[in-house]
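Residue strings, one per chain:
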Amino acid sequence: ISAAKDGEQVTVQGVVTSRVGLFDSDERRLTLQDGSGAILVRLPEGASAPTVGTRLRVQGKAGTWFSARQLEAETAPRVTGRGSALPVVLRRAPAEGDEWRLVRVTVRITKVIRDGDTWRAEASLGAAGTLPIVGAARSGISADALVEGRDAVVTGIVKRAHPSATDQRFGIAPRDTKDIRLGAVPR
């Protein structure tokens, strides 16, 4: 997956790590991961939506979507079985090479900003710096899921900021409420 170059026709195989519609309103995009990396896949119109954990083989053209790597599938993906993709444990802020990967971080939540159905939290990795945790509107996660001052273990998909955003750091987008585990209340 990580070798896909812009404009190149490729075939990739991997495990679905996010459901369709988490990142897009037309409900045609999902993330696919293998041992080398991950990519956003845009399914053809009318293709059935595979569930998280489905192993797929997809053919299409590599390109971008809002500056992020994407594979535009030419035909419906072929299901090759079931699998799982364990999250990569990061002890640093995510970078471009981590884009679309399923990752897990242990952080302290320092700030939570609510904005309608979405939210954004600033999280500290201690000496390793900070990173944003991004609550997508379609994740179903309330802004109250993260609490300032609390430690948390967050699992999610590494996502780049929208091209027009002021803060261009890569963030982690939890997929649903099960992806956030709060630590004990500090004393």
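The structure presented is a predicted model; accordingly, all values stated were derived computationally and were not measured.

Moving on: the confidence of the model for the protein. In this model, the protein carries a mean pLDDT of 92, and residues with pLDDT of at least 70 account for 97%. At the level of individual helices and strands, the protein shows its lowest average pLDDT in strand S13 (residues 180–182), which scores 92, and its highest in strand S12 (residues 171–173), which scores 97.

Here we take up the layout of surface pockets. Each pocket or cavity is described by its volume, and for the largest pocket that value is around 570 Å³. At the level of elements, strand S8 (102–115), strand S9 (118–124) and strand S10 (130–135) are the ones that each hand at least two residues to the lining of the largest pocket. Broken down by element, the lining of the largest pocket gets its largest block of residues, 3 residues, from S9.

Below, the discussion takes up unusual backbone geometry. Look at Ser67: it is not a glycine, yet its phi comes out positive at around 75°. Tracing the chain through its elements places Ser67 in the loop between strand S4 (54–65) and strand S5 (68–73). A positive phi is found at Trp100, a non-glycine position, where the angle reads about 70°. Relative to the helices and strands, Trp100 resides in the loop between strand S7 (88–89) and S8.

Calculation criteria
- Residues numbered from 1 in each chain as written.
- Predicted model: local features only at pLDDT ≥ 70, side-chain atom pairs only at ≥ 80, totals over all residues.
- Heavy atoms only, no water.
- pLDDT = per-residue confidence, 0-100.
- Helix = DSSP H or I, 4+ residues; strand = E, 2+ residues; numbered from the N terminus.
- 1 Å grid on protein atoms, 1.4 Å probe; cavity = no way out; pocket = protein on both sides within 12 Å on 5 of 7 lines; lining within 4 Å.
- Points joined across faces, edges and corners; volume = space filled by probe spheres on them.

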